[in-house]
Structure formats: structure tokens, C-alpha cells
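Read off the chains here:
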Amino acid sequence: MIELDLMPFTLSGLDTERPIVIAGPCSAESEEQVLKTAKKLQKQDVQIFRAGIWKPRTRPNSFEGVGKKGLAWLQTVKKELGMYTSTEVANSQHVEDALKHDIDILWIGARTTVNPFAVQEIADALKGVDIPIMIKNPINPDINLWIGAIERINQTGIKRIVAIHRGFNVYNKSLYRNNPKWHIPIELRLQIRDIPLFCDPSHIGGKRELISPISQQALDLNFDGLMIESHIDPDNALSDASQQITPETLGSILSDLILRDEKVTTEDLADLRKQIDELDDTILEILSERMQIASQIGQYKKEHNVTIFQADRFDEILTKRIRQAIDLGLTEKFVKTIFTNVHEESIRHQNKTMNK
Ligand SMILES: O=C(O)C(=O)C[C@]1(C(=O)O)C=C[C@@H](O)C=C1
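Calculation notes
- Residues numbered from 1 in each chain as written.
- Predicted model: local features only at pLDDT ≥ 70, side-chain atom pairs only at ≥ 80, totals over all residues.
- UniProt positions renumbered as here; feature names shortened; annotations may be inferred.
- Helix = DSSP H or I, 4+ residues; strand = E, 2+ residues; numbered from the N terminus.
- Expected span 1.5 Å × (residues − 1).
- Buried ≥ 20, exposed ≤ 12 C-beta atoms within 10 Å, placed from the backbone.
- Near = placed C-beta within 6 Å.
- Nonpolar A, V, L, I, M, F, W, Y, C, P; charged D, E, K, R; others polar.
- Right-handed = clockwise from strand over helix to strand, strands pointing away.
- Pairing = 2+ DSSP bridges.

Visitor: Go over the UniProt feature "coiled-coil region" (unreviewed entry) in the chain with me, naming the residues and quoting the values.
Guide: Residues annotated in UniProt with the feature "coiled-coil region" (unreviewed entry) correspond here to residues 262-289. Taken end to end, residues 262-289 is 82% helix and 0% strand, and its two terminal C-alpha atoms sit 36 Å from one another.

Visitor: So what's going on with helix α11 (residues 267-303)? Which residues, and what values?
Guide: Between the first and last C-alpha of α11 there are 55 Å, a value that for 37 residues agrees with the 54 Å anticipated at 1.5 Å per step. Across the 37 residues that make up α11, only a small minority, one, are buried. Phi turns positive, to about 50°, at asparagine 305, one or two residues after α11.

Visitor: I'd love a proper account of the site of the ligand, names of residues and values included.
Guide: Lining the immediate surroundings of the ligand are Ala294, Ile297, Phe309, Gln310, Arg313, Phe314, Ile317, His343, Ser346, Ile347 and Gln350. Secondary structure elements with two or more residues in the shell around the ligand: α11, α12 (311-327) and α13 (332-354). For the shell around the ligand, the element with the most residues is α13, which contributes four residues. Of the residues contributing to the shell around the ligand, the split by class is six nonpolar, four polar and one charged.

Visitor: Describe the pairing of strand β6 (residues 161-165), naming the residues involved and giving the relevant values.
Guide: The buried fraction of β6 is high, at five of five residues. Side chains of β6 alternate between two faces, with Ile161, Ala163 and His165 and Val162 and Ile164 buried alike. Of the crossover connections in this fold, the one passing from strand β5 (residues 133-136) over helix α6 (residues 143-155) to the parallel β6 is right-handed. Alignment of β6 against strand β9 (residues 197-199), held across three bridges, turns out to be parallel. Residue histidine 165 lies in a different strand from β9, and its bridge partner there is cysteine 199.

If you want it as C-alpha cells, here you go:
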């Protein structure tokens, strides 16, 4: 586990009940679009408004954001509606400009998190500042780059840090725009227990119809918040049109979400967990017994000059167990991973015996 000096994501007057929602257009396009969207989002009880001002795009000649002038529009949202505002920063100049315009929360995008130099530059620009910073996962599935960015920002003195899961780049076409690889944010939470986790279903799904199921999945995994792209006229959005939804659609998605508690005390669950504990005991005892037999085989192989690795025998085991596993309702991938690991461990035991 990694110990960081973190504080919960709080802002005065912010309703911190799960899920905390941050919503707004992918990009600020005009003052009118920003204000109209913010007003409609406020009607849906959204308290934190987001809008991209500087947009890192894959190829040049796409809309790259309105730049600094958009910050003034966000300031107007804050002044007129009392909403909290947030935007993405990718370098120290962005940080300076955003702070000058009283932006409440900044986030570091996936294309910036991949670059420790850029993250450090942002961290240096944030010295002495006390606002929440949200850090999206890097575009490649490297948990250490994500952790490294969180550490760099924390070391600068920022304590309110949020990790945003926005999925990982995929080369081949798939259902998702960015592969969620849920095990990575789960691992992040296991390593940094206190980090609030938000999910960005707009970037994971890339399509409007996926926002609801991905948001539900995030809540089922105990995520604390959601960052969702919302535009008054999604079809005509200047960037990422296919993944933006109207404030009204956002409202209905949010009200349909099922909230589940982490803590449970019911007898039934305690009983089922007891059964799992007993089965886990048995699994470990059996594995240990199997390794003892493998060591005996190792002793036999040593005395009779037989090689440790027996490819045909292992193939035979794997084929048989995969067939059996499918009949038992387990997946081939799962059983293959287990038996390959068991085999590796068995070889380690035999190596030890042979070289005693
Ligand atoms: O059958 C053997 O020769 C073993 O040593 C057992 C075992 C196994 O653990 O399943 C281990 C190593 C071999 O490569 C094949 C199988």
C-alpha cells in the first residue's frame, strides 16, 4: 500500500453523497453555449461544471479549443450560477491562466499523465495552491504512471486529489472507445486506499448509449463520482459529438442509477462469506499438498536423471482440465491462467529439490 497525505474531495456547499457529478461540454464553444448548458445542468442538480478550453487532439486541424477567452465564460458561470468550475490543464501556462480566472478544480488529461515531465511542470506551477486536482489515467494501461502523477501532485502539497478512470487506448475497433480494464482502477484503489475514484463514461464508451451502463458499472464498483460530457446540442458539438448527451438525458440517466452500499451487515452475506473463507482454506491446503507431491516427483527426477519440464504431460493436464472447466461453467482463460501458474510454481519446487 502507498501512504499519501490525502484529504477527501470536499468543497464548501458541495453535496458529497455518491456519486459526485461533474458535467459540461467536451469543449467550451461560445459564451452562449457554455451558459445555456450550465443553466440546464444546474436544473439537473449538477454542482460542478466542466468545459475543455485547450483540447489536445490526436491530429491537427481538428477543433483545438477556444483557448484563454473561454476561461472568462467559466468565470461567468461561477458568478451568475454559483456553480463550481473545472477545466483541463496541460502545462504551467494553463495552470497560471486558470488560477487567474478562479477555476475551482483542474484536471490533468490522459495524454498529459503519460508524460512525467509535463506532470512535474504542472505540479511546480501548483506550489502553494490549495484546490482539488483530478488526474485521469494515462492513455496506456500503466498503473505506475498514474500513481507517479498522483505522487508528483501530492508532493507539491495538494491534498485533495481525485483519480479519474477514462479507459485505455485501443488499437483495434472495439465496443468501447477506450478499454475500461476495470482491474486497473481497482488496483489503484487497493494501492492508494484514500484516493477518491471518479469514472468518465463518456470517454470509455465514446457513444451516448454506453454512458448509462458504464456509469452503473462504476457505481457497482464503488466509484465516488462521475464526469460526464453534456452539451445543449450534442449533434452539432465541435468535438466528440457522438459521446455527448443533453442535460435532460443526463438527468434521467442519473436518476435511474442504482446506488449500492459498500458496508453490509446482513446475516445472509456473512454466511456466504464464511462459505467462501472455508473454500479458500481448502483451495490453499490442496495447492500446498499438490506442491509437496511435485517435490516428491522432483526427488524422483533427480535420482533417475529426468528433466523437470515435461511439455507433453503438461499439455495433457491443460487440455483435460480446460475441457472439464467448460463443463463446470468456468472460462477457458481463467482455468488456463490458474493451471499455468500452478505449473510454474511446481517447476520452482522441483528446481529447489533438484538443486538441494
Ligand atoms: O508430471 C510431471 O513430471 C511433473 O513434474 C508434474 C508437473 C505438474 O506440476 O503438473 C510439473 C512439471 C512438468 O513440466 C509437468 C507436470
